[in-house]
Amino acid sequence: MSAFLSYLLNGLAVGCAIALIASGLVTIHRVTGVVNFAQGTFAVVAGLCTSSLLGLGFPHGLSELAAVLAAAVAGLLTGLAAIGKRGTTPLASLIVTLGVGVLAYAVEIVLWGDQPRSAPGLAGSVTVAGAHIQTQHLLVIGVTAATFVLLALFFGRTYLGKALTACASNPYAARVVGIDVRRMGLLAFALGGLLGGIAGVLVTPLRPISFDTDVTLIVNGFAAAVFGALTRPVIALFGALLLGVAETMAAGYGYGSHQLEVALGLMIIVMIVQAGRRSAISEETV
Amino acid sequence: MIEVQDLVVSYGTATALDHLTLTVGEGEMVALLGPNGAGKSTLANTLAGIIAPASGTVRIGGRLALIPEGRQLFPDLSVADNLALGGWRSGLRDPSSVYELLPRLAELAGRRAGVLSGGEQQMVAFGRAMMSRPEVLVVDELSLGLAPGVTADLAAHLAELNRSQGLAVLLIEQNARLAFELCSRAYVLESGRLVTEGACAELADDPRVAAAYLGGAVT
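Scoring rules and cut-offs
- Residues numbered from 1 in each chain as written.
- Chains lettered and ligands numbered in written order.
- Predicted model: local features only at pLDDT ≥ 70, side-chain atom pairs only at ≥ 80, totals over all residues.
- Heavy atoms only, no water.
- UniProt positions renumbered as here; feature names shortened; annotations may be inferred.
- Pairing = 2+ DSSP bridges.
- Helix = DSSP H or I, 4+ residues; strand = E, 2+ residues; numbered from the N terminus.
- Axes fitted to C-alpha atoms, helices over the stretch in contact; angles between N-to-C directions.
- Contact = heavy atoms within 4.5 Å.
- Salt bridge = Lys/Arg side-chain N within 4 Å of Asp/Glu carboxyl O.
- Buried < 20%, exposed > 50% of the residue type's maximum accessible area, 1.4 Å probe, protein only.
- Core = buried A, V, L, I, M, F, W, Y, C linked by side-chain atoms within 4.5 Å.
- Parallel < 35°, antiparallel > 145°, perpendicular 65-115°, else oblique.
- Left-handed = near helix turned anticlockwise from the far one by under 90°.
- Nonpolar A, V, L, I, M, F, W, Y, C, P; charged D, E, K, R; others polar.

An unreviewed UniProt entry annotates chain B as Branched-chain amino acid transport system ATP-binding protein of Nonomuraea fuscirosea. Per UniProt, the comment on chain B under Sequence similarities (unreviewed entry) is "Belongs to the ABC transporter superfamily."

Under an unreviewed UniProt entry, chain A has the name Amino acid/amide ABC transporter membrane protein 1 (HAAT family) and belongs to Nonomuraea fuscirosea. Reading the Subcellular location (unreviewed entry) entry of the UniProt record for chain A gives the comment "Cell membrane". Recorded under Sequence similarities (unreviewed entry), the UniProt text for chain A is reproduced unchanged: "Belongs to the binding-protein-dependent transport system permease family. LivHM subfamily."

Draft legend 1. Region of interest: the sheet that holds strand β2 (residues 14–24) of chain B. Residues and elements named next belong to chain B. Taken in spatial order, the three strands line up as β2-β1-β4 in an open sheet, and their pairing is antiparallel. The open sheet has two free edges, formed respectively by β2 and β4 (55–60), since each of these has just one partner strand. Within the sheet, the average angular offset between the axes of one strand and its neighbour, ignoring direction, is 25°. Two elements, strand β1 (residues 2–11) and β4, share five bridges in a ladder whose sense is antiparallel. Following the sheet pairing, Val4 is matched in β4 by Val58. Lying over the sheet, helix α1 (residues 40–47) contacts β1, β2 and β4, oriented at roughly 115° with respect to β1.

Draft legend 2. Main features of the UniProt feature "transmembrane region" (unreviewed entry) in chain A. Residues and elements named next belong to chain A. The UniProt feature table records "transmembrane region" (unreviewed entry) at residues 6–28, 40–59, 65–84, 91–113, 133–155, 185–206, 218–246 and 258–276. Between the C-alpha atoms that bound residues 133–155 the distance is 33 Å, and the span itself is 91% helix and 9% strand. A helix fraction of 83% and a strand fraction of 0% characterise residues 218–246, whose end C-alpha atoms lie 17 Å from each other.

Draft legend 3. Quick peek at the pattern of salt bridges. Residue and element names in this part refer to chain B. All chains considered together, the criterion is met by ten salt bridges over all chains. Among the ionic pairs, Lys40 bridges to Glu141, the shortest N-O distance being 3.8 Å. Of this pair, Lys40 sits in helix α1 while Glu141 sits in the loop between β6 (136–140) and α6 (148–165), and the two are 101 residues apart along the sequence. Look at Lys40 and you get buried, because its relative accessible area is 5%. Residue classification places Glu141 among the buried positions, given a relative accessible area of 3%. Two residues, Arg104 and Glu107, come together in a salt bridge whose shortest N-O distance is 2.8 Å. A residue pair is termed a helical-turn pair when its members lie 3 or 4 positions apart in one helix, as Arg104 and Glu107 do in helix α4 (residues 103–108) at three residues. With relative accessibility at 34%, the residue Arg104 sits in the partly exposed group. By sharing partners, the salt bridges in this structure join Arg104, Glu107 and Glu120 into a single network.

Draft legend 4. Focus on the nonpolar core. Counting 69 residues, the largest nonpolar core has Leu20(A), Cys167(A), Ile179(A), Met184(A), Phe222(A), Phe74(B) and Leu85(B) as the members making the most contacts within it. A per-element tally of this core places helix α1 (residues 2–32) of chain A first, with twelve residues. Judged by nonpolar contacts, the second largest core, of 51 residues, contains Val98(B), Val124(B), Leu146(B) and Phe180(B).

Draft legend 5. Just the packing of α1(A) against helix α9 (residues 214–227) of chain A, in detail. Residue and element names in this part refer to chain A. Their axes nearest at 8 Å, the elements α1 and α9 cross at an angle of 65°. On the basis of the axis angle, α1 is roughly perpendicular to α9. For α1 against α9, the interelement crossing comes out right-handed. Residues Ile18, Ile21, Ala22, Leu25 and Val26 of α1 form the contact with α9, whose participating residues are Leu217, Ile218, Asn220, Gly221, Phe222, Ala224 and Ala225. For the contact of α1 with α9, the class distribution of residues is ten nonpolar, two polar and no charged.

Rendered as structure tokens:
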């Protein structure tokens, strides 16, 4: 029983990291209609930055903050490449984000090499009802919860957040009232970078990050985002938690090498179900 | 307020507006009539800066707001949020001046715009446009899909704003009766070209206009 609870709690932490990646995907897709396949890259950039900054002797907190900001800049640059030119279709932008992801490999290998890097996080563990959970996992859960609350407040309460929602709701009407939809799209990309960056700095102490870790991150994040039809952040969060728990259970009960397959399998099932319901995949990305 | 000179707008190889020249003076209410596909909405979008002209000039002499065809609200946002976003350009965030003008909107403030009736939605679109404190208002199909009573109510508000604040209006309409009632001058657009223009009183007597837009001679 305690093993089950342990897998459940650790799975929730893994799910939270996936949820942050997914929320970035959803934010960008809602505002721009673009599926951003460079989303995992933002987490990798932030993770590698944290590792370097901590290695250079910068303190915790500052290193993580700087790394998250670097990821936001990476998000903005990706946005400029993907939607900077007027009239680019969402499908063309999607291909550009794939290209940005590949380009990022080259840049990351030049800057950080091809070996995985880690960073120290919160040490120790706590015992909850007989189950051990790493303190870093609790941090992941706490930060993710706070991030989602802040995101909800930003989109629901602030004028800028509402303008972003307006662009998602009716881009033509947004232009009618004078909102620069392209600029809002760039803001969404920066926000997506920020969210990916938060995921990156949280995950790096748990599993070493290398230039190609983005594949695992984007597959999981995309699976969760598709669960929310690429437009509903709360359902994507739920999907991410489910995925995190499913993967951790699979690993815990002896199928550790098949974690990614679990994500891929779930994603395919969800996509087939969503496609049957005339989902985002056919309607909103085209 | 609006000066359009020799305007050409194309979509690929198709020409939507073909050397159009048109003016709306200060405090004037001018109608633009024409059938579907004449290029009326293209002109509205060009005036609002959403479509770029291929050639010709567009001069706007003050703040312009557009009430687009089909209302085009933000369906997921509340009425209050829709109005607040209407003030994006003007910096006006508080909709109370619009609530004074259209008290019904104050009652609907917390409702989602997407669930309102057509008439209520048109009222929100009207209020949202007024949030930008316009000096000239382009109204694309005020009466489309609305009950006559609702249209008359909104038209009365337009006329009142024109009288009291000198708001210039370009009223794009298929309903020529309404247009002639409200406006002093009118243009008639067909296939992207102006076919006739003049004082509404004269146009109403023009047998061609009467046949096409008034369902026969005006009695």
